Amino acid sequence: MKERLIIFDTTMRDGEQSPGASMTKEEKLRIARQLERMRVDVIEAGFPASSNGDFEAVQAVAGVIKESTVAGLCRANDRDIQRGIDALKNAKSGRIHIFIATSELHMEKKLRMTPEQVLEQATLSVRFARKHRDDIEFSPEDGSRSDPDFLCRVLEAVIKEGASTINIPDTVGYAVPEQFGEFIRKLREKVPNSDKAVWSVHCHNDLGMAVANSLAAVTIGGARQIECTVNGLGERAGNTSLEEVVMAVRTRGDFFNLATRIDTSQIVPASRLVSQITGFVVQPNKAVVGANAFAHASGIHQDGVLKSRDTYEIMRAEDVGWTANKIVLGKLSGRSAFRQRLKELGIELDGEDAYNKAFQRFKDLADKKADIFDEDLHALVSDGATAAAAEHWQLVRMSQASGTEERPHAKLVLTEAGKERKADADGDGPVDATFKAIERVAKSGAELLLFSVNAVTQGTESQGEVTVRLAKGGRIVNGVGADTDIVVASAKAYVNALNKLQGTQRINPQM
Ligand code: KIV
Ligand code: ZN
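So, how was this worked out
Residues numbered from 1 in each chain as written. Chains lettered and ligands numbered in written order. Predicted model: local features only at pLDDT ≥ 70, side-chain atom pairs only at ≥ 80, totals over all residues. Heavy atoms only, no water. Buried < 20%, exposed > 50% of the residue type's maximum accessible area, 1.4 Å probe, protein only. Helix = DSSP H or I, 4+ residues; strand = E, 2+ residues; numbered from the N terminus. Core = buried A, V, L, I, M, F, W, Y, C linked by side-chain atoms within 4.5 Å. Domains from an automatic or database assignment. Contact = heavy atoms within 4.5 Å. Near = heavy atom within 4 Å. Polar contact = N/O pair within 3.5 Å; in protein donor to acceptor, adjacent residues only side chain to side chain. Areas by Shrake-Rupley, 256 points an atom, 1.4 Å probe, with all protein chains shown as cover. Nonpolar A, V, L, I, M, F, W, Y, C, P; charged D, E, K, R; others polar. Pairing = 2+ DSSP bridges. Axes fitted to C-alpha atoms, helices over the stretch in contact; angles between N-to-C directions. Parallel < 35°, antiparallel > 145°, perpendicular 65-115°, else oblique. Left-handed = near helix turned anticlockwise from the far one by under 90°. Donors = N, O, S within 2.8 Å, 3.2 Å for Na, K, Ca; no water.

Draft legend 1. Structural detail: helix α8 (residues 210–219). Within α8, eight of the 10 residues are buried, which leaves the element mostly enclosed by the surrounding structure. Among the residues making up α8, those that are buried are Ala210, Val211, Asn213, Ser214, Leu215, Ala216, Ala217 and Val218.

Okay, structure coming up:
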């Protein structure tokens with residue numbers, strides 16, 4: 001029997017801290033169900049004290065997830081921890097994750113606390129949490145840049161108070177693999193009660209070494225939990241990528257001699273869902289989940305793979321779920337088949353009316369597109385959630401003309417808080433004309449930081465999925481929209497971003 005490596009997913013907490021990636025409660029529920037289906041051990045659903053919205057999201061996830069532990073992040077103070085305890089009240093298995101910075105730099109410059117004060121606060125906070133929950137994780141923030149002797153004192157104290165997981169973060173992505181692995185090994189060696197806790201690591205990818213650092217912490221340091229995110233989503237350059245860690249441990253079982261509980265066939269569906277919801281497109285050459293990860297372009301490679309697959313393939317595409325995007329529905333599919341597939345995908349809509357409207361959108365899409373894939377259903381539900389919310393701006397209809405002989409022109413009708421507004425504009429291209437027309441009415445003055453188009457599935461009949469990132473007054477938001485017409489998808493994404501700017505969404509989920 002191989003020893004277990006615990007997979008702790010923080011896509012909905014650390015991943016959510018990427019600019020513009022904040023998620024609604026419904027979006028978190030959809031991701032949580034997919035993570036549960038993938039058999040992730042621990043799902044960090046959010047930071048309950050950061051906002052009422054995130055408290056409700058963590059509470060909702062805790063209420064439905066039964067096969068994974070649900071964690072909530074808390075600063076080392078009673079108020080945060082009480083919010084965490086309340087949010088996890090209904091969890092079948094819940095974990096309070098407490099953090100406080102322990103590096104000299106962070107203690108002095110950020111917290112303005114002495115090391116002794118930090119030690120005391122860490123101790124008291126774990127003691128408080130432990131009165132309400134058995135499963136407590138403690139993270140010394142900026143751990144990899146902390147003085148090892150001081151860190152050992154803090155860790156010994158929190159384990160004594162009942163912390164059962166010790167997670168060492170490389171908060172700024174500064175570590176290098178051999179050194180980090182040794183660092184973890186020495187901590188475990190020096191902390192007298194280290195055997196009373198599971199050791200974990202949480203690495204950021206600023207130097208592109210998050211996965212390597214995490215795996216070195218496992219092999220050299222003896223860590224048995226890795227914190228990671230789907231697609232490596234996360235602050236700045238992101239976190240350790242879940243799919244890379246899981247497939248490295250599985251593919252190189254001869255070397256790691258460890259096992260995870262993950263159903264790897266759910267990796268690609270999870271990657272697609274997270275990308276669709278956050279608007280963070282996966283680069284084509286991304287390991288495991290990139291569109292080219294299993295594509296062989298050179299003749300020599302193609303020839304080799306045809307003769308014997310293992311000449312150039314170390315993993316099978318189907319093992320990570322590349323074949324999971326089967327044709328599920330079409331024009332002739334009925335209401336119950338549609339509803340059944342939503343259920344299988346873990347999508348629950350709010351009431352009969354929402355199902356009827358979603359079914360109507362499905363029929364409209366099936367008129368334009370013969371084969372409807374799972375990804376189309378996710379896009380359709382995301383689009384529907386946007387349309388159903390009583391949004392300030394809604395796209396009613398639009399048309400545009402462009403060609404080699406004419407200047408692109410867009411005409412559209414929006415509603416602003418229910419009142420119809422019309423606009424038209426010329427532009428350098430149909431998308432530019434459309435955005436200009438929208439801005440003519442919305443007058444948001446927001447800066448367009450990113451515009452990206454991605455095909456939801458393969459082939460020219462695929463829906464285009466557009467991400468629009470807007471910035472205004474220090475806020476950054478991502479809008480997403482999908483349609484078989486990419487100019488319409490672009491308009492939907494722009495309107496979605498405007499509504500997010502208009503709303504009271506959190507600027508930075510970690511505050
Ligand atoms: O990067 C970090 O230090 C964190 C901790 C809160 C675990 O995200
Ligand atoms: Zn982090």
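After that view, the rundown keeps rolling.
Draft legend 2. The nonpolar core, seen in detail. Ranked by internal contacts, the top residues of the largest apolar core, which has 91 residues, are Phe138 and Ile166. The residue makeup of this core includes at least three contributed by each of domain 1 (3–278) and domain 2 (293–321). Filtering out sequence-adjacent residues up to four positions away, isoleucine 166 remains in contact with Phe138, Leu155, Val158, Ile159, Ala197, Val198, Trp199 and Ser200. Counting residues in each nonpolar core, the second largest holds 25 residues, with Val441, Val477, Ala491 and Val495 among its members.

Draft legend 3. Structural context of the site of ligand 1. As a matter of local geometry, ligand 1 sits amid Arg13, Asp14, His97, Phe99, Ser139, Glu141, Pro169, Thr171, His202 and His204. One nitrogen or oxygen atom from the side chain of arginine 13 is found 3.0 Å from an oxygen atom belonging to ligand 1. Threonine 171 has a polar side-chain atom sitting 2.6 Å from an oxygen atom of ligand 1. Relative to its free-state accessible area of 260 Å², ligand 1 is covered by the protein chains to the extent of 97%. Those elements that place two or more of their residues in the shell around ligand 1 are β5 (94–101) and β6 (136–141). Partitioned by chemical class, the residues of the shell around ligand 1 number two nonpolar, five polar and three charged.

Draft legend 4. Spotlight on the sheet that holds strand β13 (residues 393–401). Taken in spatial order, the three strands of this open sheet run β13-β14-β15, and their pairing is antiparallel. Strand pairing shows two members of the sheet lacking a second neighbour, β13 and β15 (419–426), which therefore form its edges. Here the average twist between neighbouring strands, direction ignored, is 15°. Pairing of β13 with strand β14 (residues 409–416), which is carried by eight bridges, proceeds in the antiparallel orientation. Among the inter-strand pairings, methionine 398 is bridged to a residue of β14, identified as leucine 412.

Draft legend 5. Highlighting the packing of helix α3 (residues 78–87) against helix α5 (residues 115–130). Across the interface, α3 lies against α5 with an axial gap of 10 Å and an inter-helix angle of 25°. Of the possible angle classes, the one that applies to α3 and α5 is roughly parallel. Our pair here, α3 against α5, has a crossing hand that is right-handed. Contacts between α3 and α5 involve Asp78, Ile81, Gln82 and Ile85 on the former and, on the latter, Ser125, Phe128 and Ala129. Here the residues of the contact of α3 with α5 sort into four nonpolar, two polar and one charged.

Draft legend 6. Spatial organisation of unusual backbone geometry. Non-glycine residue arginine 236 carries a positive phi angle of around 50°. Assignment of secondary structure puts arginine 236 in the loop between β9 (225–228) and α9 (242–251). Given the relative accessible area of 47%, arginine 236 is considered partly exposed. One non-glycine residue, alanine 417, lies in the positive phi region at around 50°.

Draft legend 7. Spatial organisation of the coordination of the zinc ion (ligand 2). Looking at the zinc ion (ligand 2), one finds its protein donor set to be Asp14 (OD), His202 (NE2) and His204 (NE2), positioned 1.9 to 2.1 Å from the metal centre. In primary-sequence terms, the residues that donate to the zinc ion (ligand 2) follow D-x187-H-x1-H. Separated by 188 residues along the polypeptide, aspartate 14 in the loop between β2 (6–9) and α1 (25–37) and histidine 202 in strand β8 (residues 198–203) bring together distant segments of the chain. For the pair shown, aspartate 14 and histidine 202 are each scored as buried.

So yeah, pure geometry; function would need other evidence.
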